[in-house]
Amino acid sequence: MIRANDRCLEQALTLLDALDDAQYANRRGSWSPVGAQLRHVVEHYQSYLSGLPVRAIDYDARRRDVTIETSRQRAASVIRDLRAQLQVTETVPDETPVQVKMECDPDAGPPNWAASSVGRELQFLVSHSVHHFALIRLLIAGDGIALDPDFGIAPSTVSHARASR
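Note that this is a predicted model, so its numbers are computed, not measured.

**Student:** Tell me what's going on with the overall build of the chain, and back it up with residues and numbers.
**Tutor:** Helix and strand content of the chain: 7 helices and 3 strands. Listing every helix and strand of the chain by position from the N terminus yields α-α-α-β-α-α-β-β-α-α. For 165 residues, the compact-globule formula gives about 15 Å, and the C-alpha radius of gyration of the chain, at 16 Å, lands near that figure. Once the C-alpha set of the chain is aligned to its principal axes, its extents read approximately 45 × 40 × 30 Å. The buried share among the 165 residues of the chain stands at 45%. Considering only intrachain contacts with a sequence separation of at least 6, the fraction spanning at least 24 residues in the chain is 68%.

**Student:** Lay out the pattern of salt bridges in plain terms, naming residues and giving numbers.
**Tutor:** Going through the model one piece at a time under the given rule, you end up with 10 salt bridges. In this structure, Asp-143 and Arg-28 form a salt bridge, with 2.8 Å as the shortest nitrogen-oxygen distance. Taken as a pair, Asp-143 in the loop between α6 (118-139) and α7 (155-164) and Arg-28 in the loop between α2 (21-25) and α3 (34-51) lie far apart in primary sequence, 115 residues in all. The shortest N-O distance in the salt bridge between Asp-65 and Arg-74 comes to 3.2 Å. Residue Arg-74 is classed as partly exposed on the basis of its relative accessible area of 35%. Here the residues in one salt-bridge network are Arg-7, Asp-148, Asp-150 and Arg-162, joined through shared partners.

**Student:** Report on the side chain of Glu-43, specifying residues and quantitative values.
**Tutor:** Turning to its location among the elements, Glu-43 is positioned in helix α3. Glu-43 sits in the buried class, given a relative accessible area of 1%. Not counting residues up to four positions away in its chain, the partners in contact with Glu-43 are Arg-62, Arg-63, Arg-64, Asp-65 and Ile-68.

**Student:** Report on the nonpolar core, specifying residues and quantitative values.
**Tutor:** In terms of nonpolar packing, the biggest core is built from 42 residues, with Tyr-48 and Ile-140 touching the most fellow members. Breaking this core down by element, the ones donating at least two residues are α1 (2-18), α3, α5 (72-88), β2 (97-101) and α6. When residues of this core are assigned to their parent elements, the largest contribution, 9 residues, is made by α6.

**Student:** Can you break down the pairing of β2 residue by residue, with the values?
**Tutor:** By the alternation rule, side chains of β2 split into Val-98 and Val-100, which are all buried, and Pro-97, Gln-99 and Lys-101, of which none is buried. Pairing geometry for strand β1 (residues 56-58) and β2, over 3 bridges, is parallel. Bridged to Asp-58 within β2 is Lys-101. Here β2 runs beside strand β3 (residues 114-117); their pairing, made up of 4 bridges, is antiparallel. If you follow Pro-97 over to β3, its bridge partner there is Ser-117.

**Student:** Can you explain the packing of α1 against α5? Please cite residues and give values.
**Tutor:** Helix-helix packing is described using two parameters, namely the angle between the two axes and the distance between the axes. Interhelical geometry of α1 versus α5 gives an angle of 165° and a closest axis separation of 10 Å. In terms of their interaxial angle, α1 and α5 are classed as roughly antiparallel. For the crossing formed where α1 meets α5, the hand is left-handed. Counting all contacts with α1, which are made through Ile-2, Asn-5, Asp-6, Leu-9, Glu-10, Ala-12, Leu-13 and Leu-16, the residues of α5 involved are Arg-72, Ala-75, Ala-76, Ile-79, Arg-80, Leu-82, Arg-83, Leu-86 and Gln-87. Looking at the contact of α1 with α5, its residues break down into 10 nonpolar, 2 polar and 5 charged.

**Student:** Quick one: what's the story with the sheet that holds β2, residue by residue and with numbers?
**Tutor:** If you walk across this open sheet you meet the 3 strands as β1-β2-β3, and the pairing is mixed. Bordering the open sheet on either side are β1 and β3, each of which pairs with just one other strand. With direction set aside, neighbouring strand axes in the sheet form an average angle of 35°. Together, β1, β2 and β3 form the strand contacts of α6, whose direction differs from that of β3 by roughly 85°.

So, how was this worked out
- Residues numbered from 1 in each chain as written.
- Predicted model: local features only at pLDDT ≥ 70, side-chain atom pairs only at ≥ 80, totals over all residues.
- Heavy atoms only, no water.
- Helix = DSSP H or I, 4+ residues; strand = E, 2+ residues; numbered from the N terminus.
- Rg over C-alpha atoms; globule rule 2.2 N^0.38 Å.
- Buried < 20%, exposed > 50% of the residue type's maximum accessible area, 1.4 Å probe, protein only.
- Contact = heavy atoms within 4.5 Å.
- Salt bridge = Lys/Arg side-chain N within 4 Å of Asp/Glu carboxyl O.
- Core = buried A, V, L, I, M, F, W, Y, C linked by side-chain atoms within 4.5 Å.
- Pairing = 2+ DSSP bridges.
- Axes fitted to C-alpha atoms, helices over the stretch in contact; angles between N-to-C directions.
- Parallel < 35°, antiparallel > 145°, perpendicular 65-115°, else oblique.
- Left-handed = near helix turned anticlockwise from the far one by under 90°.
- Nonpolar A, V, L, I, M, F, W, Y, C, P; charged D, E, K, R; others polar.

What follows is the structure in structure tokens.
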């Protein structure tokens, strides 16, 4: 699971290298900029890593650090740090229980904590990252930027395509 998440973060770094500052930080019509999408992904990893030691991951308590969404250099630095921090957690067993909080319905009142596991949260982070990477792929589709062919594609779809060749 750590390897899959590291691959997502590596793809994010490759994306940052492929974009210029304007492509990263500027809005695309009514859509959020690429930087805002990437910041959102990064901050979920930060929430996971900050909550892991106490086994309580609050995905709503994100920092919402604007510098990550406006500066490619800042985003790259944070992502490199996340990759290093993830490697340190590799010895935490996937079945380790954690509590997770994430708002799902703004009209339902405050969210409750739910039981989960380290492995399940690592799966969530991959899925969440891929989802936002797919949005980023759409945002920059007309810019002629070469991306990893698997960028923004669900791992199960990648596996299916490879098996079909």
